[in-house]
Amino acid sequence: MKHDVIIIGSGFGGLACAHMLAKAGRSVLVLEAHWQPGGCLQSYQRKGHTFDTGLHYVGGLDEGQQLHDVFQRLGLLRLPWHRLDAEGFDQITIGGHTYRFAEGFDRFVDVLAADFPHERKALQRYVEMLQGPDPDPSVSAWGWLNEVFSDALLIDVLSGSCLKTELRRESMPLLAFAHSQKSYIQSSWRLKGDSSLLVRALVDDIRQMGGEVVCRAEVVQLLEKDGRITAACCSNGETYEADRFISDIHPAQVLSLVQNERIQKGIYRRRLSMLENTVGMYTHSLVLKPGALPYFNCNHFVYRGGSVWDESTERVMLSCRVPVDDADDVTLLDLLTPSAADPMPLAETVIPGLRDMVSEQYDSTPQTWERFTHTPNGSAYGIRKDCRQPLLTMLSPRTSVPNLLLTGQNVMLHGLEGVAMTAVQTTEILLNE
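A few points on the structure. (Residues numbered from 1 in each chain as written. Predicted model: local features only at pLDDT ≥ 70, side-chain atom pairs only at ≥ 80, totals over all residues. Heavy atoms only, no water.)

Moving on, we come to helix α4 (residues 120-131). Counted at 1.5 Å a residue, the expected span for α4 with its twelve residues is 16 Å, and the 17 Å between its end C-alpha atoms agrees. Of all the residues in α4, the buried ones are A122, L123, Y126, V127, M129 and L130. Axial view of α4: buried residues confined to an arc of 150 degrees, hence all on one face. Where α4 is buried, its residues contact α3 (105-115), α5 (141-148), α6 (152-158), α7 (174-179) and α8 (182-186). (Helix = DSSP H or I, 4+ residues; strand = E, 2+ residues; numbered from the N terminus. Expected span 1.5 Å × (residues − 1). Buried < 20%, exposed > 50% of the residue type's maximum accessible area, 1.4 Å probe, protein only. Arc of directions from axis to C-beta. Contact = heavy atoms within 4.5 Å.)

This is the structure:
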C-alpha cells in the first residue's frame, strides 16, 4: 500500500504531524526504530513503577496561552493535567537563598521585585519582551540580559530554570531563551501520570483516524527516483512507499539515508553534518520510602559554585510525580543534571536527608539517550542554536530534497512548545502544497 505521508520517528514532533495529517484525511504511516513509540516521551518500568525520560512539566495550557490551541487540536487537553503552585512553580536556589517564579507576568515581577526592588523597571521590561513579538534570532540572550539588568545575581535567577535548555554566553539566542520561559510563566502543569499517557493518546487517535504506527521498523535507506524520495527500506525487511516524507530524527541522520548525493545539494548535507549538538543529561530516578517526603508542587533548581552560565557550576533540577489516589507524599522523584557527578549532595541542600529517603534508584546517561533515541551523543536539546549564525543553526522544515520535510526539536526551537510549533509549521507546508 502506498501512503500519502511517511513519518520517520515517533517523537512528539512526528506523532503531532501524524495526528494533524490523519485528521486532515491523509493516509499516514509512522516508522519507529524502537520497540515503543514516543522518543523523548518514552516511559519505562521497573518493579511496578513507571518512570519518565524527558517530560517533566509543560507551560501555557490555559485558553489563549502558548500551547492551548495546539494541544486542543491534538486532543491532549483531555489528559489529567495538574497545575503547579501559582506562587512558585519554579524555585531557584543560589547561594543558599531561594527565589520564586510566580504565575502571571505581573505577579512574576512583583515576587522577584521583593528580592530585587532596584530592578523592578528592568523586570517589567523583561516581561514586556516575553509578551511581545519574537526577538530577532541574531540577538544574544546573554548580551540582552546584561544590557537590561545591572544585578548579576538577578540575571542568574532569571536564567536558573534553564536546565530545560542549554545556557551558553557566546551563542544562545534571546529567542530560544524567551521561549524557554514565556509559556511557563503563563501557567505551569504536570501530567498526573507518566508521559506514556500523552503518547498513547496520540497513537490511539492516529490509528482511529486510519493512520498506522509501526515499531521495530528502523529506516535504513531512503530510495530515490527522479530527484524525489519514493520509499523507505526498514530493518524489519519491509519497504514502504509514499508521496511525501517527514523526518522526526536528526537531520544529518535522515540525509545519510539518502544514498544519491546528487539530489541533496552537497553543501546542504555538509552544513548539517558540521552543526554542533547540545549537551546530554544525566537523570537519577528515585523511588522514595512511603511517607518520607511530602509532595512539593513545584520544581527546584539548585546551583552552587559560580554563575549559572558557567559550565563548571554544580546544578541539579528536582521534579517529582504528582501523587495518585489522593496521596500526599512523593513516590517518584527525578534529579536531572548535565554532570556525571553525584547530584545528591546538592539536592540535599533543599531536601535535607534525601539520600536516606531513597529505596530504589535508576540512572540514565547521555549514552542511554543515544541508544534509545539515536540522538547524536545523547543530545538533550538537539542542534545548538547560535545567535551568531541564526540562518545556519535554526533550520527550515524544508530540505534540499523536494518531498522531504523536517520536524522535531532540531529544526527551530526545542522543548515541547518549540516542537509543537514546528510540527504545526511542517504540517501546514505539506497541506498547502
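With mixed pairing, the seven strands of this open sheet are ordered in space as β8-β7-β15-β16-β17-β14-β18. Edge positions in the sheet fall to β8 (97-101) and β18 (358-364), since each of these pairs with one other strand and no more. Neighbour to neighbour, the strand axes of the sheet diverge by 20 degrees on average, direction disregarded. Bridge count for strand β15 (residues 299-304) against strand β16 (residues 314-320) is five bridges, and the pairing is antiparallel. What sits directly across from V302, in β16, is V316. (Pairing = 2+ DSSP bridges. Axes fitted to C-alpha atoms, helices over the stretch in contact; angles between N-to-C directions.)

Time to look at unusual backbone geometry. Backbone geometry at D226 places phi at a positive 55 degrees, although glycine is not the residue there. One can find D226 in the loop between β11 (219-225) and β12 (228-234). Here D226 falls in the exposed class, since its relative accessible area comes to 71%. Even without being a glycine, N377 presents a positive backbone phi close to 60 degrees. Relative to the helices and strands, N377 is located in the loop between α14 (366-373) and α15 (390-393).

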